[in-house]
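# Structural description and commentary
Chain residues, written in single-letter form:
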Amino acid sequence: MQSDQFFQSISGVIGQQEFDDDLTATFQFEISKDGKTSVWCIDPANKKIIKGGVSEPTCTFTMSDADFMKLINKEAEAAELFMSGKLKLDGDMGEAMKFQQVMEGFDSDDMRANLKSKL
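Every value quoted in this text rests on a predicted model; they were computed, and no experiment measured them.

## Looking at the overall build of the protein chain
- A tally of helices and strands in the protein chain yields six helices and five strands.
- Counting helices and strands in the order they occur from the N terminus, the protein chain gives α-β-β-β-β-α-α-β-α-α-α.
- Long-range pairs, those at least 24 residues apart, make up 69% of the contacts in the protein chain with a sequence separation of at least 6.
- When the accessible surface of the protein chain is split by element, carbon and sulfur atoms take 45% of a total near 6800 Å².

## What about the pairing of strand E1 (residues 27–33)?
- Here E1 pairs with strand E2 (residues 36–43) via seven bridges, running antiparallel. Counterpart to Glu30 in the pairing with E2 is Val39.
- Between the antiparallel neighbours E1 and E2 lie two residues, among them Asp34 with a positive phi of about 50°.
- Pairing geometry for E1 and strand E4 (residues 59–64), over six bridges, is parallel. Across the sheet, the residue bridging to Ser32 is Ser64, located in E4.

## Things to note about the side chain of Asp43
- Looking at where Asp43 falls in the secondary structure, it is placed in strand E2.
- One buried charge, Asp43, has no salt-bridge partner; the nearest side chain with opposite charge is Lys48, at 6.2 Å.
- Dropping the residues within four chain positions of it, Asp43 is found in contact with Thr26, Lys48 and Ile50.

## A word on the packing of aromatic side chains
- This structure, assessed with the given rule, holds 10 aromatic pairs.
- Note on Phe7 and Phe29: the rings are 5.6 Å apart at their centroids and 50° apart in plane angle, and the pair reads as tilted. Pair noted here: Phe7 is in helix H1 (residues 2–11) and Phe29 is in strand E1, with a separation of 22 residues, a long-range link.

## Here we look at a nonpolar patch on the surface
- Side chains of Phe82, Met83, Met93 and Met97 sit close together on the surface and give an oily, nonpolar patch of about 470 Å² of accessible area.
- With respect to the secondary-structure elements, Met83 resides in helix H3 (residues 78–83).

## Structural notes on the pairing of E4
- Pairing analysis gives four bridges linking E4 to strand E5 (residues 88–91), with the strands arranged antiparallel. Bridging across to E5, Thr60 finds its partner in Asp90.

## A short note on the state of the cysteines
- One pass over the full model with this rule turns up zero disulfides.
- Between Cys41, a free cysteine, and Cys59, which holds the nearest cysteine sulfur, the sulfur-to-sulfur gap is 8.7 Å.
- With relative accessibility at 0%, the residue Cys41 sits in the buried group.

## Description of helix H2 (residues 65–72)
- The buried fraction of H2 is high, at six of eight residues.
- Looking only at H2, the buried set comprises Asp65, Asp67, Phe68, Met69, Leu71 and Ile72.
- Phi turns positive, to about 60°, at Lys74, one or two residues after H2.

Rules used in this analysis
- Residues numbered from 1 in each chain as written.
- Predicted model: local features only at pLDDT ≥ 70, side-chain atom pairs only at ≥ 80, totals over all residues.
- Heavy atoms only, no water.
- Helix = DSSP H or I, 4+ residues; strand = E, 2+ residues; numbered from the N terminus.
- Contact = heavy atoms within 4.5 Å.
- Areas by Shrake-Rupley, 256 points an atom, 1.4 Å probe, with all protein chains shown as cover.
- Pairing = 2+ DSSP bridges.
- Buried < 20%, exposed > 50% of the residue type's maximum accessible area, 1.4 Å probe, protein only.
- Lys, Arg positive; Asp, Glu negative; His and termini not counted.
- Salt bridge = Lys/Arg side-chain N within 4 Å of Asp/Glu carboxyl O.
- Phe/Tyr/Trp six-rings, centres within 6.5 Å; stacked < 30°, edge-to-face > 60°.
- Patch = residues over 30% accessible without salt bridge, like charges linked within 9 Å, V, L, I, M, F, W, Y side chains within 5 Å.
- Disulfide = S-S within 2.5 Å.

Next comes the structure, spelled out in structure tokens:
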């Protein structure tokens, strides 16, 4: 899955990112493709990517691999995917909204070029 490659790539650079001190949520992703599901958790407070996820994430996003890649590549908006039922959210919606801050940390031109080269 392309999403697995994305998470593996950012796991190598998350330690270099600066996040707001009040960003303590864990963002778990359950991503499916061809009947298989990959689970990953982004823990910005501890600057970790956890393959297999955590037992009690703050919020869990469930979507297809294709839709996840559209979201990451800015080909789709989270609200659009959510409203169309392609993105499901379980947990604290207020904290889920903070995920945008996490993605902004990976959005510099250098970081984007580095990630695209690995995908």
